Amino acid sequence: MKFARLLVAVGMMTIAMPARSQSTDCVCPKVEQTVFRVCVDQTRTLAQLVADGKYDWVNQNITKFQFALGTERVSTDIVLLHFGRSVTSEQVRAEMERLGLRPADVRELLSLGAQEPNLQRDFSIIALGAVAKVDDYRYVAYLHRSDHVRYLDLYWFGSEWVGFYRFAAVHK
C-alpha cells in the first residue's frame, strides 16, 4: 500500500491514507490522519479538565458528561481524522471502526485541548465518543474558535459535518 504523504514533526505525525481499492464501504478516497501524543490524567474531574484547557467560553451543558475517576495518568495517541468532504457521524464511526479506532471520549478531547490549545484555532475538533443527552437530543463535545475565542461546545450528533472538521479518535 502506498502512502501519499508522511510528515513527522515534534508532537505530531500526519499520514494520508489511500482508499481500499476492492471495497465500496470506505467513506471517502482519502482520510488524512494526524497523531498527537497526549497525557490523559484519569484522576482529574471534569471541572479540573475544563479548567486545564483555559477555554474562553464553555457550554453550560458540558456538566452532562459523567465518568468514573481513575487512578493513573496514561499517555495515548489521539488521531485526528480529516475526511475533506461532508460526512455523517455514522460514516465517521464506521471509518474509525475500519481503521481499528474508536471515537475519543470527553476526557481525551479535553486533554488534547489543554495540551494543544492552538490546534482548535486551525480547525474544529469533534469527539463522537463524548455524547450527552440535552433536551432529548444527543450532542457531542467539540472544540472550535471564532476570531480569538476558544470554545468548548456541544453540537448535534446527527449533523452532517462539512469537510473542514477533524474527528478525534484513539486506537482500540
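Everything numeric in this text was worked out from a predicted model, so none of it was measured.

1. Considerations on the overall build of the chain
Inference 1: Counting its regular elements, the chain contains four helices and 12 strands.
Inference 2: Burial statistics for the chain: of 172 residues in total, 44% are counted as buried.
Inference 3: Once local pairs closer than 6 in sequence are excluded, the contacts in the chain between residues at least 24 apart make up 67%.

2. Focus on the packing of aromatic side chains
Inference 1: Under the counting rule described, the total for this entry stands at seven aromatic pairs.
Inference 2: Centre to centre, the rings of Trp 161 and Tyr 165 are 5.1 Å apart; their planes meet at 80 degrees, and the pair counts as edge-to-face.
Inference 3: The class of Tyr 165 is buried, set by a relative accessible area of 11%.
Inference 4: Here the aromatic rings of Trp 161 and Phe 167 are separated by 6.0 Å at their centres, their planes lie at 80 degrees, and the arrangement is edge-to-face. Neither Trp 161 nor Phe 167 differs from the other in exposure class; each is buried.
Inference 5: Members of the aromatic cluster, connected to one another through ring pairs, are Phe 83, Tyr 142, Tyr 155, Trp 161, Phe 164, Tyr 165 and Phe 167.
Inference 6: In this arrangement the basic side chain of Arg 138 is found over the ring face of Phe 157, its NZ or CZ atom lying 4.0 Å from the centre.
Inference 7: Here the basic side chain of Arg 166 rests over the ring of Phe 123, its NZ or CZ set 4.1 Å away from the ring centre.

3. Here's the deal with the confidence of the model for the chain
Inference 1: When pLDDT is averaged along the chain, the result is 86; 83% of the residues meet or exceed 70.
Inference 2: Contacts from residues 1-11, a stretch scored under 50 in pLDDT, to residues over four places away or in other chains number 21 contacts.
Inference 3: Here residues 13-24 scores under 50 on pLDDT; set against residues more than four positions off or in separate chains, the count is 39 contacts.

4. Here's the deal with the environment of Glu 72
Inference 1: Along the polypeptide, Glu 72 turns up in the loop between β4 (57-58) and β5 (73-82).
Inference 2: Separated by 29 residues in sequence, Glu 72 and Thr 43 have C-alpha atoms that sit 6.3 Å apart.
Inference 3: Leave out the neighbours within four places in its chain, and Glu 72 touches Val 40, Asp 41, Gln 42 and Thr 43.

5. Thoughts on the pattern of salt bridges
Inference 1: Inspection of every chain in the model, using the stated rule, returns five salt bridges.
Inference 2: For Arg 98, the salt bridge is made with Glu 95, and the minimal N-O distance between the two is 2.8 Å. Within this pair, Arg 98 and its partner Glu 95 are both found in helix α2 (residues 89-98), separated by three residues, close to a single helical turn.
Inference 3: The buried category is assigned to Glu 95, whose relative accessible area is 1%.

6. Details of helix α3 (residues 106-115)
Inference 1: Counting buried positions over the 10 residues of α3 gives eight, a clear majority of the element.
Inference 2: Those residues of α3 lying buried are Val 106, Arg 107, Glu 108, Leu 109, Leu 110, Ser 111, Leu 112 and Gly 113.
Inference 3: Capping the start of α3 is the job of one residue whose side-chain oxygen sits 3.1 Å from the backbone nitrogen of Arg 107: Asp 105.

7. Quick notes on the packing of helix α1 (residues 46-53) against α3
Inference 1: Axis separation between α1 and α3 bottoms out at 8 Å; the angle between their running directions is 25 degrees. Classed by the angle they form, the pair α1 and α3 counts as roughly parallel. Here the hand of the crossing between α1 and α3 comes out left-handed. Judged by residue contacts, Leu 46, Leu 49, Val 50, Asp 52 and Gly 53 of α1 engage Val 106, Arg 107, Leu 110, Ser 111 and Ala 114 from α3.

Thresholds applied
Residues numbered from 1 in each chain as written. Predicted model: local features only at pLDDT ≥ 70, side-chain atom pairs only at ≥ 80, totals over all residues. Heavy atoms only, no water. Helix = DSSP H or I, 4+ residues; strand = E, 2+ residues; numbered from the N terminus. Buried < 20%, exposed > 50% of the residue type's maximum accessible area, 1.4 Å probe, protein only. Contact = heavy atoms within 4.5 Å. Phe/Tyr/Trp six-rings, centres within 6.5 Å; stacked < 30°, edge-to-face > 60°. Lys NZ or Arg CZ within 6 Å of the ring centre and 35° of its normal. pLDDT = per-residue confidence, 0-100. Salt bridge = Lys/Arg side-chain N within 4 Å of Asp/Glu carboxyl O. Polar contact = N/O pair within 3.5 Å; in protein donor to acceptor, adjacent residues only side chain to side chain. Axes fitted to C-alpha atoms, helices over the stretch in contact; angles between N-to-C directions. Parallel < 35°, antiparallel > 145°, perpendicular 65-115°, else oblique. Left-handed = near helix turned anticlockwise from the far one by under 90°.

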